Structures are given as structure tokens and as C-alpha cells.
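A structural walkthrough
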2 protein chains.
Amino acid sequence: MLDDRKLAVLRAIVEDYVSTNEPVGSKNLVDRHNLDVSPATIRNDMAVLEELGFIVQPHTSAGRIPTDLGYRLFVDRLSGIKPFTSAERRAIETFLAGAYDLDEVVMRTVRLLAQLTRQVAVVQYPSLSRSAIRHLELVPLTDTRLLLVLITDTGRVEQRSVELPAPAGEDSVTHLRALLNAYLDGRRLTEVASVIDELPERIEPVERTNAAAVFSVILESLVERHEERIVVAGAANLAAADFAKGLHDVLEALEEQVVLMRLLGESGDQASVTVRIGAENQVEGLQSTSLVAAGYGSGEQALARLGVLGPTRMDYPTAMGAVRAVARYVGQILAGT
Amino acid sequence: MLDDRKLAVLRAIVEDYVSTNEPVGSKNLVDRHNLDVSPATIRNDMAVLEELGFIVQPHTSAGRIPTDLGYRLFVDRLSGIKPFTSAERRAIETFLAGAYDLDEVVMRTVRLLAQLTRQVAVVQYPSLSRSAIRHLELVPLTDTRLLLVLITDTGRVEQRSVELPAPAGEDSVTHLRALLNAYLDGRRLTEVASVIDELPERIEPVERTNAAAVFSVILESLVERHEERIVVAGAANLAAADFAKGLHDVLEALEEQVVLMRLLGESGDQASVTVRIGAENQVEGLQSTSLVAAGYGSGEQALARLGVLGPTRMDYPTAMGAVRAVARYVGQILAGT
DNA sequence: ATTGGCACTCGGGACACCGGAGTGCCAGGG
DNA sequence: CCCTGGCACTCCGGTGTCCCGAGTGCCAAT
């Protein structure tokens, strides 16, 4: 039913349509690619492909364009991931190497990705919950107010202010700080909750109410959406492509952290490159866009995800190559930090 | 030359054009506003206004639309700032009140402003250089690496990592930390440089190379563009308006921190609301947009600026009202932190 | 100074026309 | 059995024409 030639035809249609943005017809197809058959034959194949839902014609007597399903087949079976040349790799490496602080790494990454693919790039901050505490710091602001700074081994810094129920002296803060660091340094964030549960016993009763306030803020910061920050770049690239639902919706979706989280969440959990095409994205407003994403992390396990978002009519092999390459290097940089 | 009626005509043209987005003609003008003269009279007035460069007709025998100069006159002399109702004020207040941490305040502010005006909102982080150091913290990461955390009295936290030329022990770090806080806490950031200059004398020679590394990072973080971060929201609102140069350029400009800085910088330094219209913005790509901006701050002096950006065809009175109101409340919130 | 009248201009929508690209189908040939 | 050339058909999109309406500038009259 789907012999080799039909697959070749589908591949050719996708490639041509991506590069020209115009429905592709049988004549052009045989010219541009060296298929050794006549247009009529191709037409028969195309009829079958249409029957199966891989391509459609926008109107009678026009060329064909791929459907979401067509792109899906293309990505799954017809195209590889375009590898990067060593020159390109070096460029990535040097571009990212300049940055040490985490914010800087993320910022550069997202810009790089946007520039490489000429699409919108999205990068999720390394997830708190999979990393460990490197250090906790308490800084008195007033006598009933502390600034809590939480530093993770991925270089992330969270800051929260804590209202104390009672005034606390310098030494009581010092004591609490020492205690926290003694028990929490090096702990995975997932373990923190249970450790904190046992701490009150170690504290003199008179200090407990204040300590409790600090504890609850720590716990809050673990579950909060702060851990799920996502950065976006390259929105200008959307202006080129024209969208069915108007790009208003797309731009709107891009500003909603929650929506982006869901989008990246939907795209699987593997470290390898995954692709979600068109309506496969349940996220409203992004149903005529595709997402190419991958996990990245300092070790073997993924800390977070990054990817590019563009019209379904998108150069998947190149995008996948870029995403994979960037994810790898970011992982390396992070591991070295 | 510019009698009252001509000014009234200009005002009417601006108002109508802003609300309809279509060139406005003499007939419609007398209908909608109750000018007690005939269309012919208005036509004469319009001819004069065109002569003076306040309005133009897109093509012969079409209505008139305001020029940048026309909007300028409108803003300067013909329109007030639309005050907010007390209900609206309360809404702003409660929306902003929920946030304590600085990031949160800025984030909410920019979203609020975008929503109120249905334009793009830009908010600059409170400038470091005008605030003072509340606390410095040094956290050992490895024995040749420190994390420097700098906390200002505006609630801002800067983090940088420091590479040490030589391994440093726990106590040497503690000592340095104490020294830094003793001499720097409470200092305006502008004073820091000179204070640091004198510090090496207080340090034992063997520690000086390490201390110097820390010092240079502190100084760096003062001059760096970090202090100039700008947040943007509401880009989706641009999709509605159509731009001469295509919105690609506008979106691109919005992603360039540097460009935005220049834009806000151009817009004067006063705390009060200022407006830059169309080509008055030298920034490339934003010459068909207008900026309504104001300074905000915790005390009497402005710490930074915020504003909204939209097409020159924009509801200035409302935008100015929103910017002024939001700037005020942000100032209050910040003062209370 | 204002007004009504009048001739003029021009953009843009409605309509028809046509060419070109593309299709489906069919009958004949390897 | 699959491929191919041929043919009739469809329909999009660009082009040209026409016309209407909104708007203008000017002028003479009040």
C-alpha cells in the first residue's frame, strides 16, 4: 500500500512545500527531484496518499500540501536528524562558553536556538526538584523580616522574604542558619520536606515559631511555579510565517508561562528529541504550530526541556539537529559549572 | 492662525481617527461632534491644518489623518490625562498588592499595564546605581570558587560566580565576608567603587589576590547591563494594529534590551508622564510607534521608568492615565517593601 | 468669515475574462 | 500489472473595466 516510491513522493512533497510555501504539483515534483517516472504516475500515488490522509489539496485543481499526519510520517520515518558540521558545533560551543551564571546560560541558549532555527525558541529553567541544595542563606532585613536565599547545585538562586511572627536577634538568626545548612546542604530538594519535619526537635521551644515561619517559606518555594520558569526568544520570526488563527493567539500563548509549561510537558519526558505537530498540541492557540523539543541536563538525566516552536510547515531535520546539538552543549556547560 | 475652532477640529480628527482607524472627512466630522458650522468651513480649516503639517490625506480626495506633529500638538495642548476612577484604582492596588518579592512586583506591573492599555507594556527594573547595598553574601562552591550574592535595599538580588586564583579556606572566606559587609552595607552603589579602592590595606597580603578577584566581580556587576533589565508584556496586542514597516521589526526591537534601554532613555528623565511620538523615536524599527512613559520610584526620585508602546494611532489620554496611575502605585508598593 | 453649490479626483468593490497550473481518468504499451 | 501519454475539466489569481461614493477645492453669494 505504501511502497517506497509513495514514501519518496511524500518526502519530496514535504521538502518542496517547506522550502517554497506553495502547494506542490506532480509536474514540478518530477522535475525537481529525479524520480524516474512520469507525472501521471505521481498523480496516482498522490491520490493514494490523499486517501490515507497524508496530504490534501487546498482547492480542487491545486497542488498538494502535507497534513499534520503527513508531517508526522515524514518525521518518524522519512527524515533523519540533520547533523551539525563541526564548524557549527564549535560556534555553538564558543557562544555558550562565555557565560557562567545560570541566567546568562539560559539567556544565551534561547537566543542561540532562535537564531539557528529562525524560529521561536523556548528554554525551561533547570527544575528545582531534581537538583540539590548547595547552600541556604538568611539575611536579616528588619528585625521581623528575613531574606531567604536558596542556592542549588545547578547554580540556581531563589530568593524569598520571610515575615517573622516575633522579632529575632542576630544570634538567633545565626543559629538557625547554621542548623539549616547542617541538615539541608547537599540534600535533594525532594528530600527536604521530610528533613524539615524532624528539625523542630532540635530547636529551643522559644525559637520555634520563628523557625516555623522560615520552614514554611522554604517548603513553599519548593512547590511553587517558580521552578517552572520558561524563557522565550525569537518571537519576531513568527511575523514571517502566516498562521491560520492569526498570530495574535500564538503570541498570547507565548506569554503564558502556564501554557508553555503544559506544552513542554505534553512533549514527553525523554532526553532525546521529540516532535509534536500541529493539532497534536492540545494547547489552544498553538494548534497550527509544531514543537521540536529535547530534554537537557548536567548528568544522564534530564533537568528540564528546551525546544523550538514554529509553523507546522517547518524544516524539521534542521530544527531537530539544532535542538539536539544545543541541548547537548548546554548539558555540558551546566555539568561544568 | 490657529484659532480655537481649528484646534477643536484637530482634536476631533485625532479622536475619530483613533477610534475608527479610517481617514476622517469633513462631513462625518460635523455629524459626530457638534460643531456648529458647515462642512465647507471645516474643509477650509483642514486645508490650513494640512498646510501647517498637522494632518495629511493618504491620497487625494480622501479624509485626513493626523501626522506625528498632529499627535504631538494633541498631546501637548488638546488632551488631558484621563484620570482613573476610584474603582479602577482599587483594582490596580489589589492586583499589585499581592506581591512582595521584586520580581513578582515587576512581573505583575508589566502585565497589568499591558492589560489596562491593550498595548505593549515595558517596565525597567529599579536601577541598581541609585539604590544601596543591604547585604553581601559569599558562598563557597568549591575551594577555588565562590558565589557572590548582592542584595540591595530595593529588594534586588544579584548573583555572580567568582573564580579565585588560589584555594581559599572557610575562615578566609568568613573573614572577607565580614569585612565586606562592615564596609559596604548601607552604601549607595555609586560609592562602592571608591570604598573598595581603600579596602586592600585592611587585608593581609597573602589574602589579597583572592580578595582582588572578588572585588573586581563586585565592580563589574555594578556597571554591567544587568542593572538595566527590562521586561515586556502584551506583545500579542501588536497583532491587531498593522504597521508600516511590518511588525517584524517591532517585535525584533522589543527583544533587544539595548534598544529598549535607549528608547526609555530618550524619553526624558522626569518622573511625570512623557510621550514620544512616531519618528521622534530615533530607535530603528520603532518609528511608527509611540511611547508613553513615566518614572517611578519609592521616594520622590525616580528609580526607573515604565511605559506602554503602541502604534502612533493610540488612545493617548487613556494610556497616559494608566501609566501615571500604575507608576504611582508601584512606587508606593516599593516604598513599603 | 461662513456657506451652499458644483465639478473633479480617486480608491475600492463588483464583475467578467483569461491563462496557467494542476487534476482525474482512460486507453494503450511494456 | 504497472506505467504512460493524452485529453477534458476545474479553479485560482491576475488583469482590465466600470461605477459608485466619499471627499475635496474653489467660487460666488450672503
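Look a little higher up for the structure.
As a starting point, this report considers the structure included with it. (Residues numbered from 1 in each chain as written. Chains lettered and ligands numbered in written order. Predicted model: local features only at pLDDT ≥ 70, side-chain atom pairs only at ≥ 80, totals over all residues.)

**Topic: unusual backbone geometry**
The bulk of non-glycine residues show a negative phi, and the bulk of peptide bonds are trans. In this model, A:Asn21 sits at a positive phi of 60°, which is unusual for a non-glycine residue. Within the secondary structure, A:Asn21 is located in the loop between α1 (4–20) and α2 (26–32). (Helix = DSSP H or I, 4+ residues; strand = E, 2+ residues; numbered from the N terminus.)

**Re the sheet that holds strand β6 (residues 157–163) of chain B**
All names here are of chain B. The strand order across the open sheet formed by three strands is β4-β5-β6, and the pairing between neighbours is antiparallel. Every other strand in the sheet has two partners, leaving β4 (133–142) and β6 as the edge strands with one partner each. Adjacent strand axes in the sheet meet at a mean angle of 20°, parallel and antiparallel pairs treated alike. Alignment of strand β5 (residues 145–152) against β6, held across seven bridges, turns out to be antiparallel. Bridging from a neighbouring strand, Ile 151 pairs with Val 157 of β6. Running over the sheet, helix α7 (residues 170–184) touches β4 and β5 and is turned about 165° from β4. (Pairing = 2+ DSSP bridges. Axes fitted to C-alpha atoms, helices over the stretch in contact; angles between N-to-C directions. Contact = placed C-beta atoms within 7 Å.)

**With respect to the sheet that holds strand β5 (residues 145–152) of chain A**
Residue and element names in this part refer to chain A. The three strands are arranged β4-β5-β6 in an open sheet whose pairing can be described as antiparallel. The sheet is open, and its two edges are formed by β4 (133–142) and β6 (157–163), each paired on a single side. Taken over all neighbouring pairs, the strand axes of this sheet differ in orientation by 20° on average, direction set aside. Most of the contacts of helix α7 (residues 170–184) go to β4, to which it runs at about 165°, and overall it touches β4 and β5.

**Observations concerning the relation of the copies chain B and chain A**
A rotation about an axis combined with a shift along that same axis relates the two copies of the chain. Least-squares fitting of chain B to chain A yields an RMSD of 0.2 Å, with the transformation described by 0.2 Å of translation along the axis and a rotation of 180°. What the rotation and shift describe, once combined, is the action of a two-fold rotation axis. Considering only C-alpha atoms, the residue of chain B closest to the rotation axis is B:Glu137, which sits at 4.1 Å. (Least-squares fit on C-alpha atoms with pLDDT ≥ 70 in both.)

**Remarks on the nonpolar core**
In this structure, A:Val323 and B:Val323 are the most contacted members of the largest nonpolar core, which totals 143 residues. Once residues within four sequence positions are removed from consideration, A:Val323 is found in contact with A:Val273, A:Val292, A:Ala293, A:Ala294, A:Gly307 and A:Val308. Listed in part, the 44 residues of the second largest apolar core include A:Ile133, A:Ala168, A:Ile218 and B:Leu136. (Core = buried A, V, L, I, M, F, W, Y, C linked by C-beta atoms within 7 Å. Buried ≥ 20, exposed ≤ 12 C-beta atoms within 10 Å, placed from the backbone.)

**What about the packing of α1(A) against helix α4 (residues 68–78) of chain A?**
Residues and elements named next belong to chain A. Remark: α1 packs on α4, axes separated minimally by 10 Å, with the N-to-C direction vectors making an angle of 110°. Relative to α4, α1 is oriented roughly perpendicular. The handedness of the crossing between α1 and α4 comes out as left-handed. Facing α1, whose interface residues are Leu 7, Leu 10, Arg 11 and Val 14, α4 presents Gly 70, Tyr 71, Leu 73, Phe 74 and Leu 78. For the contact of α1 with α4, the class distribution of residues is seven nonpolar, one polar and one charged. (Parallel < 35°, antiparallel > 145°, perpendicular 65-115°, else oblique. Left-handed = near helix turned anticlockwise from the far one by under 90°. Nonpolar A, V, L, I, M, F, W, Y, C, P; charged D, E, K, R; others polar.)

**A closer look at the environment of B:Val75**
Residue and element names in this part refer to chain B. In this fold, Val 75 is placed in helix α4 (residues 68–78). Sequence separation of Val 75 and Val 275 is 200 residues, and the distance between their C-alpha atoms is 8.0 Å. Leaving out residues up to four positions away in the same chain, Val 75 has contacts with Val 275 and Tyr 316.

**Some words on the protein's contact with DNA strand C**
By nearness alone, 22 residues border DNA strand C, and A:Gly25, A:Ser26, B:Val37, B:Thr60 and B:Ser61 come closest of all. Looking at the surface near DNA strand C, the elements that each hand over two or more residues are α2 and α3 (39–51) of chain A together with α3 (39–51) of chain B. The greatest single-element share of the surface near DNA strand C, amounting to four residues, is contributed by α3(A). (Near = placed C-beta within 6 Å.)

The values are spatial; any link to function lies outside them.
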